[in-house]
Amino acid sequence: MTIDEMRLDGNAIGGLLREIFAIEMTSAVGTCAHCGAVNEMGRVQVYVHAPGTVVRCPSCEAVLMRVVRGRGRYWFDMTGVRTMEFGET
Amino acid sequence: MAGTAVLGRLTWQFGTLADVVQETPRVASLYFDLPEWQGHLAGQHVDVRLTAEDGYVAERSYSIASPPEDPRVALTVERLDDGEVSPYLVGELRLGDKVELRGPIGGFFVWRVGESRPLFLIGGGSGVVPLMAMLRHRERMRSNTPARLLYSSRTVTDIIYRAELDRLAAAGDGLEVYHTLTREKPDGWKGFTRRVDQAMMQEVAWPQEQMPAVYICGPTTFVEAAASLLVSMGYPPATIKTERFGATGGSG
């Protein structure tokens, strides 16, 4: 199995993001801190086979977010996201 | 119902298996009774969680096959022999058994009746499942939004929902269904018998001027190939929504 075959997209982390943000986030719009591309979260690249979840920009492939969940805690890195825009609940 | 489907904190709930429909030798639809279900939109999915006696937890996502109008929530699951979850769901789970799940999840890969643009759905293998929820939703709501489904399967026996798709396409309400087979050329077969390519897209896709709403779902390589074809033909990327299943069509 190659890395290209394993790649998922933002739909796959709809549940994980809702655990963290408590609202639907796959239709939220994020701006990549590296290249400035603006994409709905449903369009991002997602890799879940690492120890954590790695989220990359679909335009430049820079890391947008990393999420590790374990022992009742989250470790959430989103230095690759400049801004995030989403609707009020 | 639809308004509440995307709100609120996700909580795990138990669904009781109420019915099973064997769709193909490896694929079954599981109909669950979910007393706490808040409704869903066509295209959304659920997470299913299995907990072993020793506390080991396995979690997988499955697309919802049933339309929002149905009282029961149906998941159509492909049994992957080396999977952790699907061999249990398809094979071991019995009527009356309970499964822990949460949802609905997702707001990006969804379609609602009332959108006027023609619908172009492209499915590979079990990637047809969320697209079927859209087509069922379209039928239940008596929508006549023009719609086309291009559905790639390995062989005739691998075609999920074949009889229902035939019935929906025969209803004369603006739906056309195109099949392609990638590993078989049966005698008398009228559909395509090759991987999705540009000539096939040109024959099947709505012209760009009609600005179709495109939904592509299936294994990652299938989805990316189909989306790239459409983009290379000039369809705006923003009109193409994709959902990747990974290498196996469900990873588990």
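Values in this document were obtained by computation on a predicted structure and should not be read as measured data.

With respect to the overall build of chain A
No. 1: Counting secondary structure elements, chain A contains two helices and eight strands.
No. 2: For chain A, the succession of helices and strands along the chain, N to C, is α-β-α-β-β-β-β-β-β-β.
No. 3: Relative to the 2.2 N^0.38 estimate, which gives 12 Å for 89 residues, the radius of gyration of chain A is 12 Å and therefore close to what a compact globule would have.
No. 4: The principal-axis extent of the C-alpha atoms belonging to chain A is close to 40 × 30 × 20 Å.
No. 5: Per-residue burial over chain A gives 37% buried out of 89 residues.
No. 6: In chain A, the proportion of contacts linking residues at least 24 apart, taken out of those at least 6 apart, comes to 48%.

Section: the pairing of strand β7 (residues 73-77) of chain A
Remark: a regular strand shows side chains that alternate across the two faces of the sheet.
Residues and elements named next belong to chain A.
No. 1: Little of β7 is tucked away: zero of the five residues are buried.
No. 2: With five bridges joining them, strand β6 (residues 63-70) and β7 adopt antiparallel strand pairing. Looking across to β7, one finds that Val 67 is bridged to Phe 76.
No. 3: Hairpin connection between β6 and β7: a loop of two residues separates the two successive antiparallel strands, and Arg 71 in this loop has a positive phi of roughly 50°.

Overview of the sheet that holds strand β1 (residues 8-9) of chain A
Residue and element names in this part refer to chain A.
No. 1: A sheet is described by the order of its strands in space; here five strands give the open sequence β1-β4-β5-β6-β7, paired in antiparallel fashion. Whereas interior strands pair on both sides, the edge strands pair on one side only; in this sheet they are β1 and β7.
No. 2: Bridging between strand β5 (residues 53-56) and β6 involves four bridges; their strand directions are antiparallel. Directly across from Val 55, in β6, lies its bridge partner Met 65.

Observations regarding the nonpolar core
No. 1: B:Leu121, B:Leu131 and B:Tyr215 are the most contacted members of the largest nonpolar core, which has 73 residues in total.
No. 2: Ranked by residue count, the leading element in this core is helix α2 (residues 128-140) of chain B, at seven residues.

Here we look at the interface of chain B and chain A
No. 1: At the interface, 20 residues of chain B touch 23 residues of chain A.
No. 2: For the side of chain B that touches chain A, the secondary-structure elements that each account for two or more residues are β6 (98-105), α5 (220-232) and β11 (240-244) of chain B.
No. 3: Of all the elements, β11(B) adds the most residues to the side of chain B that touches chain A, at four residues.
No. 4: When its residues are assigned to classes, the side of chain B that touches chain A shows seven nonpolar, seven polar and six charged.

Observations regarding the pairing of β11(B)
All names here are of chain B.
No. 1: Most of β11 sits out of view: five of its five residues are buried.
No. 2: Pairing between strand β10 (residues 213-218) and β11: five bridges, direction parallel. By the bridge assignment, Gly 218 is partnered in β11 with Arg 244.
No. 3: Taken together, β10, α5 and β11 form a β-α-β motif whose crossover is right-handed.

Quick notes on the sheet that holds strand β1 (residues 13-24) of chain B
No. 1: Strands sit in the order β4-β3-β6-β1-β2-β5 (chain B) across an open sheet of six strands; the sheet is antiparallel. The sheet is open, and its two edges are formed by β4 (57-63) and β5 (73-78) of chain B, each paired on a single side. Taken pair by pair, the neighbouring strands of this sheet meet at an average axis angle of 40°, ignoring direction.
No. 2: Inspection of the sheet shows strand β3 (residues 45-51) of chain B paired to β6(B) by four bridges, in the antiparallel sense. Bridge pairing links B:Arg49 to B:Glu100 in β6(B).
No. 3: Sheet strands in contact with helix α2 (residues 14-21) of chain A are β3, β4 and β6 of chain B, and its direction is about 75° off that of β6(B).

Brief notes about the domain arrangement of chain B
The accessible area lost on association of the parts is a frequent measure of interface size.
All names here are of chain B.
No. 1: Partitioning chain B into domains gives domain 1 (2-105) and domain 2 (119-244).
No. 2: Domain 1 and domain 2 are separated by 24 Å when their C-alpha centres are compared.
No. 3: Elements with a minimum of two residues in the side of domain 1 that touches domain 2: β1 and β5.
No. 4: In terms of residue class, the side of domain 1 that touches domain 2 is built from seven nonpolar, five polar and three charged.

Conventions used here
Residues numbered from 1 in each chain as written. Chains lettered and ligands numbered in written order. Predicted model: local features only at pLDDT ≥ 70, side-chain atom pairs only at ≥ 80, totals over all residues. Helix = DSSP H or I, 4+ residues; strand = E, 2+ residues; numbered from the N terminus. Rg over C-alpha atoms; globule rule 2.2 N^0.38 Å. Buried ≥ 20, exposed ≤ 12 C-beta atoms within 10 Å, placed from the backbone. Contact = placed C-beta atoms within 7 Å. Pairing = 2+ DSSP bridges. Core = buried A, V, L, I, M, F, W, Y, C linked by C-beta atoms within 7 Å. Nonpolar A, V, L, I, M, F, W, Y, C, P; charged D, E, K, R; others polar. Right-handed = clockwise from strand over helix to strand, strands pointing away. Axes fitted to C-alpha atoms, helices over the stretch in contact; angles between N-to-C directions. Domains from an automatic or database assignment.

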